[in-house]
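Here's the letter readout for the chains.
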Amino acid sequence: MNLINGISIGLILILIGFFGISTRKNIIKIILSLNICFMGIILFYISIAYVEGGTIPVLGPFEPIDIVDPLPHALMLTTAVVELSTTALALALVMKVYEKYETLNVREMKL
Amino acid sequence: MTLLITTVFLVPLLGTMLLMFFPLKKLQYVSVPCALYSCIILCAYIPEGIHGFTHTILIWMNPLEFTILIDKLALLITLVMSVLFTTVLVFASHMKNRKFHMLILLNFSVLLLSIFSQSLLGFYICIEMAAVITYFLIIHKKTPQSINAGLIYFIFNITGAILILLSIIIRTELPSIAARLFIIGCLIKAGFAPFHIWLARAHPVAPSPVSALLSGIMVKVSIYGIIRFAPTFTVDISLLLIIALLSMLLGVFSALLQSDIKKILAYHTVSQIGFILLGISLMSDTGEIGGLLHLVNHALFKGLLFLCAGAIIYATGTRNLHELGGLAKHMPIPAVACLVGSLAISGIPPFNGYVSKCILYEASPSGYISLIFSITCAGTVASFIKLYWHTFMGSSGKKPPQRAIPFSMKMALLVLSGLCIITGIFAQHILSLVGYQIEIHVWNTAHIPQIALNIGLGVLLYGIGMKSSLIVHPPQIRLSIDRFYQVSGDAVEYAGKKFHDILLQDINYYALTIVFVLAAIYILFSL
Amino acid sequence: MSKLIILLVLTPMITTFLLSITAIPHKVEQKELMIIRTILSLSGFSVLFILLFLCASDMLSGEVYRYSLGGWDALSGIVLQLDILSFCIAVLSVVVCFFALVYSFTFMEHMRGLGKFDAFFFLMITGIMGVLVSRDIFNMYVFFEIVNISVYVLITTGRKKENYKASLKYLILESISSILFLLAVGIIYSTIGSLNMDYIAEGISLLRIEQPSLIILLFSLFFVSLGLKFGVVPLHFWLPDSYFAAPSPVSTVQSGIVSKIGIYAMIRILSLFGTLPSDMNYFIAVMGAMTIITGTLCALVQTDIKRMLAYSSINQIGVIIIGLGIGNPIAMKGALFHIMNHALAKAGLFLCAGILIHTRGTRKISGMKFKDSPGLTLSFILLSLSIIGIPPLNGFVSKLIICYGAIGAHFSEFTFIIFFSSILSSVYYFRVIQTFFPKHEKKALTPDVHVSTSTLLPIYILAIMCLLLGLFPDTALRIIDIIVEVIL
């Protein structure tokens, strides 16, 4: 099994995201790290769905032998939408927090 | 006939409901008949109760089955409890606050239930409810000191109650720890030394009827718990002898140094329950009967003394011994009642205190126990000479009586004094009526030397105290037990603060903690 | 009848939509809009009550409703299921949310003025109902996200700076929780191939023999993810700020229901694992014990009443976790009863705290003096006694049952921890109660704001329910017996 495949890169992205949340002091960088985590998750799911030599799951003139599993793709659409709204809300909150606290530094505003 | 026994505690409960839901004007007088009813019904049960019978109550929609067990022990204690409650309610009928009467009636029915209950869990539940209700009674005056004292009372009582609950729960699993926890819980709730500081703080600030009930009944229920349930826990009660002796001495000598009349009486409660525990822990028949009789008598004469103090406070408005004086000419009935009470507690014939102390003295083996016994009696005598002299005798103090005490108070005091005398003279008859037999001849002249010795030592102590002006201006001793509790309380708060400050960090640390926890769980279970 | 399930989720969704329409027009009078909003909210709740009432008799006899969305079969479709555990928690949520909303009618006129509060409130209820009925693990995640988003917005009503900060902190930590949850779901899907909980249960029982390390990974991911949602101790950091900053109706629903949803999810997901090995059970119980100790010690030193209530919530959730962790049917019964009791009691306490803060203008414990309303004082006393665990109230009964369960499983140390926390809880609750009592001082405090009956009525009802459940717990206990049979 190839070591560099979607699953492992997904996991590495998640770890990079966690590292970002744990160490970065700027709140926008923390939100970006959350986004990186989610991207990693999306990659993870999509690579789970991948079947070697599979084709797209569309019924056409010919019978497909191996199809890529479409369910995780659907799940990831949902996840992407959820993540989008969460990020939008987070950025709106950051705007409000900046208005009140005058700083984006996590240490200074004691988040 | 067994249904009638359930009405004993249902009628006060009904009285509570009546007081709660019907805001009529003079309705607080309904409390006295309720208590009186219970008293009468319990008297009616004496012939049946001697043989002991049980009755199960099933509460609607509650899986807990309440079994009432009535035998001579329960009957004795509930009789004196109902008498005291009735008298105290008569005394307190001048207080127009409906909530006060409501809480006392509720307390009465819950305490009755706790003494009647056969199972440990029922006992615990009722004791816990009584503790909460008593808290609200203690803080009835709502001054800042009473609220502080109420909190301390509550913490101690809750600790004791929860130790009792713990011991009930782990009884099958860890029997030895359960036994120790039960005993310690009951000791805390009863106010034995070294857990007596809540008693000393709660009494001065509570209204006097509540003090009478607190000292007279509520501490006794825990002692009843020890007597009744110690066999279930297979615990060796004789180790409690040390606590008994400690309470006796500590109570008496603390009382000698106080100048607040209710604090004096509170410390004497500590000392007298030491006597009760002494009787119980001696593990002999005579000792047990002596302890029980002292329990009954103490309820009566301590209730009487607290009600006298209540009358004094009502009339003069002060609790301080140094401001009182010469009240005997203004308030004859409280003076007589207080004299009866002081003589009873000092153990002078023909009052009831003498009978029980005599039995206890006979039961205690000679040696250091008798020595401590005599010293404590002497200290009691000295303390009450001081109390009586400085309040009723002598010239008028700084605070002469402002108002006359109402008739209900006088009646209550007279009834209790009469009961003290009657239970003193007819002690043996009363006990055999309830089912206990004693063979000691209390009215023997052989006891006179001991009595004279006690009185003599007491007078001597008082004299020394007056001469060295220790009694008039007591030294400020910071009792180390009080400090210990304060320090431990502060330590807990300090630990809490440090702990809380450690947990308050930035979000980076939180995220790191989450990742660490994840890794830790995985590694923990992979091993 | 099983179509009722979909209505349970749809009704609040439609109400949200209608309420958000009322937030848009600015030409119409605000007063009329408020009346429309009030009518809409109340009708939404009444429909929910009717639906739950219709399901009641079937649920109580142990029946289970199933409904698959779109008719797809269970393997690749979404199945909604209503069984008695979901039903009970649904009833609890609807009752508590109803009281919180009624409370907010009189109390938060200025905050509700823009209409967003009601809309997001109903969105939260949608999410809660969705979590309760979903039998598909990814569906549960989606509904959890709906709850989370609505709570993020609801915390910020009030527009002070600590609201935004608390919401942001909550957001970031809950996003981590979602990431871990999704990771776990991904692992499940890749190894088992279905997202339906029944199939997952079968798959895990096969997987335990083949790859036990995967089970451990799944357990740890789920535990951390769900633990972040309800507040086990090393993962509770968002809780005090969030409960403190949110307005009282929101704190009520948060502490009463949202944390219980997390516990519900944990019950469901842990039941998928079959019988856990005993050291995992013990580990969960130990986490519960740590939670109790932290909650108690931190609550002792708080000077602000809502933070104190937040730490007390952490305390009680620890008790519930101990009950769940022990794994005995008796302890599970106690834990479920405690979920119910704590939801009711904490809801009442947060509502009381809201009234106290509003009328006395301060959040510090030393500043609270409210002897003008004896009903409120009595209710506060009853509710706090329930949480401390004093007979005859319901908190005592549930703690007792949990302790009996602990003894039955030979874990007696948890008994000590639960009851020592009771002793310390009495300290900090009575510190608040004793401020109710001092006599009036001569100088006038802030003039009393009149507290209307509709604000006090939910508190009275909750206090009376606590007392009744404590004195007569049999009905509740029988229902919980049925629940425990169905789960285990």
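Residues numbered from 1 in each chain as written. Chains lettered and ligands numbered in written order. Predicted model: local features only at pLDDT ≥ 70, side-chain atom pairs only at ≥ 80, totals over all residues. Heavy atoms only, no water.

A. The overall build of chain B, seen in detail. Scanning chain B from terminus to terminus reveals 21 helices and 2 strands. Each of the 527 residues in chain B was classed as buried or not, and the buried ones make up 60%. Of the roughly 20,000 Å² that chain B leaves accessible, carbon and sulfur atoms contribute 70%. (Helix = DSSP H or I, 4+ residues; strand = E, 2+ residues; numbered from the N terminus. Buried < 20%, exposed > 50% of the residue type's maximum accessible area, 1.4 Å probe, protein only. Areas by Shrake-Rupley, 256 points an atom, 1.4 Å probe, with all protein chains shown as cover.)

B. Local environment of the overall build of chain A. Regarding its fold elements, chain A presents 4 helices and 0 strands. Sequence-ordered secondary structure for chain A, helices as α and strands as β, is α-α-α-α. Taken against the 2.2 N^0.38 rule, which gives 13 Å for 111 residues, the C-alpha radius of gyration of chain A at 19 Å runs more than 25% over that of a compact globule. Seen through its C-alpha atoms, chain A measures out along the principal axes to roughly 60 × 30 × 10 Å. Split into buried and exposed, the 111 residues of chain A put 38% on the buried side. Partitioning the intrachain contacts of chain A with sequence separation of at least 6 by distance along the chain shows that 57% fall at a separation of at least 24. (Rg over C-alpha atoms; globule rule 2.2 N^0.38 Å. Contact = heavy atoms within 4.5 Å.)

C. Region of the structure containing the packing of aromatic side chains. All names here are of chain C. For the structure on display, the rule yields 39 aromatic pairs over all chains. When the centroid spacing of 5.9 Å and the interplanar angle of 85 degrees are considered together, the rings of Tyr 243 and Phe 350 count as edge-to-face. Here the residue Tyr 243 occupies a position in helix α10 (residues 238-245), and Phe 350 occupies one in helix α14 (residues 329-360), the gap between them amounting to 107 residues. A relative accessible area of 1% means that Tyr 243 is categorised as buried. (Phe/Tyr/Trp six-rings, centres within 6.5 Å; stacked < 30°, edge-to-face > 60°.)

D. View of the packing of helix α8 (residues 175-190) of chain B against helix α10 (residues 208-233) of chain B. Residues and elements named next belong to chain B. At a closest axis distance of 8 Å, the pairing of α8 and α10 adopts a crossing angle of 165 degrees. If you check the angle between α8 and α10, you find them roughly antiparallel. Helix-helix and strand crossings are classified by hand; for α8 and α10 the assignment is left-handed. Across the interface between the two elements, Ala 178, Ala 179, Phe 182, Ile 183, Cys 186, Leu 187, Lys 189 and Ala 190 of α8 pack against Val 219, Ser 222, Ile 223, Gly 225, Ile 226, Phe 229 and Phe 233 of α10. Broken down by class, the residue content of the contact of α8 with α10 amounts to 12 nonpolar, 2 polar and 1 charged. (Axes fitted to C-alpha atoms, helices over the stretch in contact; angles between N-to-C directions. Parallel < 35°, antiparallel > 145°, perpendicular 65-115°, else oblique. Left-handed = near helix turned anticlockwise from the far one by under 90°. Nonpolar A, V, L, I, M, F, W, Y, C, P; charged D, E, K, R; others polar.)

E. Layout of the interface of chain A and chain C. Taken together, the contact pairs 33 residues of chain A with 31 residues of chain C. Roughly 3,000 Å² of surface becomes buried between chain A and chain C when both sides are summed, with 83% attributable to carbon and sulfur atoms. Broken down residue by residue, the surface that chain A buries against chain C is led by Leu 93, Tyr 101 and Leu 111 of chain A, which jointly contribute 18%. Where chain A packs against chain C, one counts 0 salt bridges. Inspection of the region where chain A meets chain C yields 3 residue pairs in polar contact (both at pLDDT 80 or more). (Buried area = accessible area lost by both parts, 1.4 Å probe. Salt bridge = Lys/Arg side-chain N within 4 Å of Asp/Glu carboxyl O. Polar contact = N/O pair within 3.5 Å; in protein donor to acceptor, adjacent residues only side chain to side chain.)

F. Seen up close, the confidence of the model for chain B. All names here are of chain B. Predicted confidence across chain B gives a mean pLDDT of 82, with 90% of residues reaching 70 or more. Summarising per-element confidence for chain B, the mean pLDDT is lowest in strand β1 (residues 53-58) (68) and highest in helix α6 (residues 120-138) (90). Among the prediction metrics, the complex's ipTM stands at 0.94, with pTM recorded as 0.90. (pLDDT = per-residue confidence, 0-100.)

G. Focus on the interface of chain C and chain B. Each partner contributes residues to the interface: chain C has 61 residues there, and chain B has 52 residues. The contact between chain C and chain B buries some 5,300 Å² in all, and 82% of this surface belongs to carbon and sulfur atoms. If you look at where chain C meets chain B, you find 1 salt bridge. As a salt-bridge pair, Arg 431 of chain C and Glu 493 of chain B come within 3.5 Å of each other at their nearest N and O atoms. Here the element with the most residues in the side of chain C that touches chain B is helix α17 (residues 413-433) of chain C; it accounts for 10 residues. In the side of chain C that touches chain B, the residues fall into 43 nonpolar, 13 polar and 5 charged.

H. Region of interest: unusual backbone geometry. Note that the residue after Pro 391 of chain C, namely Pro 392 of chain C, is joined by a cis bond; omega there is 5 degrees. Non-glycine residue Glu 102 of chain A carries a positive phi angle of around 65 degrees. The residue Glu 102 of chain A is located in the loop between α3 (71-101) and α4 (106-109) in this model. Overall, the relative accessible area of 58% leaves Glu 102 of chain A in the exposed class. For His 410 of chain C, which is not glycine, the phi torsion reads 65 degrees and is therefore positive. Of note, His 410 of chain C is situated in the loop between α16 (394-408) and α17.

I. Main features of the packing of helix α3 (residues 84-107) of chain C against helix α19 (residues 474-487) of chain C. Residues and elements named next belong to chain C. Interhelical geometry of α3 versus α19 gives an angle of 135 degrees and a closest axis separation of 9 Å. Judged by the angle between their axes, α3 and α19 are oblique. Side by side, α3 and α19 meet where Ile 84, Leu 85 and Cys 88 of the first sit next to Ile 479, Ile 482, Ile 483, Val 486 and Ile 487 of the second. Here the residues of the contact of α3 with α19 sort into 8 nonpolar, no polar and no charged.

J. Examining the side chain of Ser 117 of chain B more closely. Residue and element names in this part refer to chain B. Mapped onto the elements of the fold, Ser 117 is located in the loop between α5 (98-116) and α6. Taking the relative accessible area as the measure of exposure, Ser 117 reaches 1% and is therefore buried. Side-chain polar atoms of Ser 117 contact the backbone oxygen of Ser 119, separated by 3.0 Å. Leaving out residues up to four positions away in the same chain, Ser 117 has contacts with Phe 66, Thr 67, Gly 122, Phe 123 and Phe 229.

K. Looking closely at the state of the cysteines. Applying the stated criterion to the full structure yields 0 disulfides over all chains. Left unpaired, Cys 352 of chain C is separated from the closest cysteine sulfur, that of Cys 466 of chain C, by 11 Å. Cys 403 of chain C forms no disulfide, and the closest cysteine sulfur to it belongs to Cys 186 of chain B, at a distance of 19 Å. (Disulfide = S-S within 2.5 Å.)

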